[in-house]
Amino acid sequence: MCCSSLHIPTMIQNLDQPDYASRCIWVYGPVIVGAGPSGLAISAGLKKQGVPYVVLERANCIASLWQNRTYDRLKLHLPKQFCQLPDFPFPDNFPEYPTKDQFIDYLESYAKHFDINPRFNESVQSAKYDETCGLWQVKTISTGGSNWDEVEYICRWLVVATGENAEKVVPEFEGLKDFGGSVMHVCDYKSGESYQGKRVLVVGCGNSGMEVSLDLCNHKAIPSMVVRNSVHVLPREVLGKSTFELAVLMMKWFPLWLVDKILLIIARLLLGNVEKSGLRRPSMGPLQLKNTQGKTPVLDIGALERIRSGEIGVVPGIKRFSRGRVEFVNGENLEMDCVILATGYCSNVPSWLKDNDFFSEDGLPKTQFPNGWKGKGGLYAVGFTRRGLSGACMDAARVADDIGRIWKEETKQSKCLRRGF
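Sequence positions are assigned chain by chain, starting from 1 and proceeding in written order. Totals for whole chains, interfaces and linings use every residue, but because this is a predicted model, local features are given only for residues with pLDDT of at least 70 and side-chain atom pairs only at 80 or more, for both listing and counting. Hydrogen atoms and water are omitted, and side-chain values are computed over all heavy atoms in the structure.

## Here we look at the sheet that holds strand β18 (residues 325–328)
Alright, step 1. Here we have 3 strands laid out as an open sheet, ordered β17-β18-β19, and antiparallel in their pairing. Either end of the sheet is taken by a strand with one partner, and the two such strands are β17 (318–322) and β19 (333–335). The average undirected angle you get between the axes of adjacent strands in this sheet is 20 degrees.
Alright, step 2. Two strands qualify as a pair provided DSSP detects at least 2 bridges between them. The secondary structure listing takes helices from DSSP runs of H or I that are at least 4 residues long and strands from runs of E that are at least 2 residues long, numbered from the N terminus. Inspection of the sheet shows β18 paired to β19 by 3 bridges, in the antiparallel sense. Counted as the bridge partner of R325 is E335 from β19. Between N-to-C directions, angles span 0 to 180 degrees; the directions come from axes that are lines fitted to C-alpha atoms, helices contributing only their stretch in contact.

## Section: the nonpolar core
Alright, step 1. One finds I42, Y106, Y110, I116 and L216 to be the most contacted residues of the largest nonpolar core, which totals 54 residues.
Alright, step 2. Contributing elements (two or more residues each) for this core: α1 (37–49), α3 (100–113), β10 (199–203), α4 (207–218), β20 (338–341) and α9 (388–420).
Alright, step 3. Here, two residues are considered to be in contact whenever any of their heavy atoms come within 4.5 Å of each other. When near neighbours in sequence (up to four residues on either side) are disregarded, I116 contacts L40, S43, A44, Y53, V55, Y110 and A111.
Alright, step 4. Here, the term nonpolar core denotes a set of buried Ala, Val, Leu, Ile, Met, Phe, Trp, Tyr and Cys residues that are joined through side-chain atoms within 4.5 Å. Relative accessibility under 20% of the residue-type maximum defines a buried residue, over 50% an exposed one, and the middle range a partly exposed one, all with a 1.4 Å probe and only protein chains included. The next biggest cluster of nonpolar side chains, apart from the first, holds 24 residues, and it includes V33, C155, W352 and L379.

## Quick notes on the confidence of the model for the chain
Alright, step 1. The predicted model of the chain averages 90 in pLDDT, with 91% of residues at 70 or higher.
Alright, step 2. The predictor reports its confidence for every residue as pLDDT, a score running from 0 up to 100. When the criterion is pLDDT under 50, residues 1–21 qualifies, and its contacts beyond four places in sequence or with other chains add up to 39 contacts.

## Here we look at the pattern of salt bridges
Alright, step 1. Here a salt bridge means any side-chain nitrogen of Lys or Arg lying within 4 Å of a carboxyl oxygen belonging to Asp or Glu. The final tally for this structure, using the stated rule, is 16 salt bridges.
Alright, step 2. R306 is paired through a salt bridge with E311; the nearest N and O atoms lie 3.7 Å apart.
Alright, step 3. Residue K374 pairs with D402 through a salt bridge whose shortest N-O separation is 3.0 Å. Linking K374 in the loop between β21 (345–346) and β22 (379–381) with D402 in helix α9, this pair joins segments that are 28 residues apart in sequence.
Alright, step 4. Overall, D402 belongs to the buried group, its relative accessible area being 9%.
Alright, step 5. Put simply, E174, K319, R320 and E327 are held in one network by salt bridges that share partners.

## What about the environment of G206?
Alright, step 1. Of note, G206 is situated in the loop between β10 and α4.
Alright, step 2. Residues G206 and F369, 163 residues apart in the sequence, show an inter-C-alpha distance of 23 Å.

## Some remarks on the sheet that holds strand β3 (residues 54–56)
Strand pairing in a sheet is mediated by backbone hydrogen bonds. Such pairs are either parallel or antiparallel.
Alright, step 1. Strand order in the open sheet made by the 4 strands is β3-β2-β7-β22, with parallel pairing throughout. Of all the strands in the sheet, the pair left with one neighbour each is β3 and β22. Taking each pair of neighbouring strands and ignoring which way they run, the sheet shows an average axis angle of 20 degrees.
Alright, step 2. Where strand β2 (residues 31–33) meets strand β7 (residues 158–160), 3 bridges bridge the pair, whose relative direction is parallel. Directly across from I32, in β7, lies its bridge partner V159.
Alright, step 3. This element, α1, spans β2, β3 and β7 of the sheet and lies at about 160 degrees to β2.

Right, dumping it as structure tokens:
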């Protein structure tokens, strides 16, 4: 669509008015895509700056990953002070590691406190920048069954806040279609209650794979965990202090390589030699690996003890599936009843953000942290730092300040022009 065909009013349309169903809506401020923690954080920041905005969310709720695609026993892996959003601490009565439900309650309270009202059930199909008129065209499709289907938002700024975990990753395995048993991604797993006595193959050994395997053990299932690559396993706490908190403290005084060495020495002292349990450590340190490749170390909450006791089996990479069986790359062949794919998530940005050179093919900014928050033509990114919620909050603050500065300058100029007339 060309700029000449747009009717751009002098002020933002009220989206609650009947003309909301019209195909084109001019947004006098940024459009934010995603209403997870990153989208909430940038919304609150813009609210403080006095900048109007619209939040588009494909699901029917905020933080849909947490609300709809997490298992029941999930808790924050880091202490709450490292997971809170800007200007809104966790309640004092929350534990150090809030539960899934407590974190969702916190996010709901955050949205209510800052009066954040996303447009739910709006799935962004494409977003394209028109260099001729300097505007973004964001096309959405309603997924909520309302009377209209398509809406196009026109705006000067686009904030991508869909995050690193927008879509599940489902690898292809030879023969999986012939397996015959239950196969699901971990995003659909809730509890091990229905798996009692069943042989379950958990594909993946990250935090989710470890925790699901532990949950299955607690419900008297028989899990085997696929460990195809090397993995760092660290104690969640050291002498009652969070390992992450200790690492953050050491980073203030020591270089990253030295902090990595100290963490590995602590892990060896507290956890022993995990390689004897089939868990090879990477050659790169845990913090460096997280910063460069986004691979999060596993914070052990009891799975390692179950591995050593044999209650959780450790198996190598998968070669192929057959009816009720799995063959591994070492030639071992085991019977299995179910498969749970703890194979992670990925960004979905490349599927809808068109003609841009800011994001790479894997949906992450090409420019690394801390400079990967701003692109060209009013494009911004929040929540792609590979540094969890704390990194997303840093992005949100920078983006809100940058848009707020431009907004205030132009608002001031506009007032001066009106006075001149």
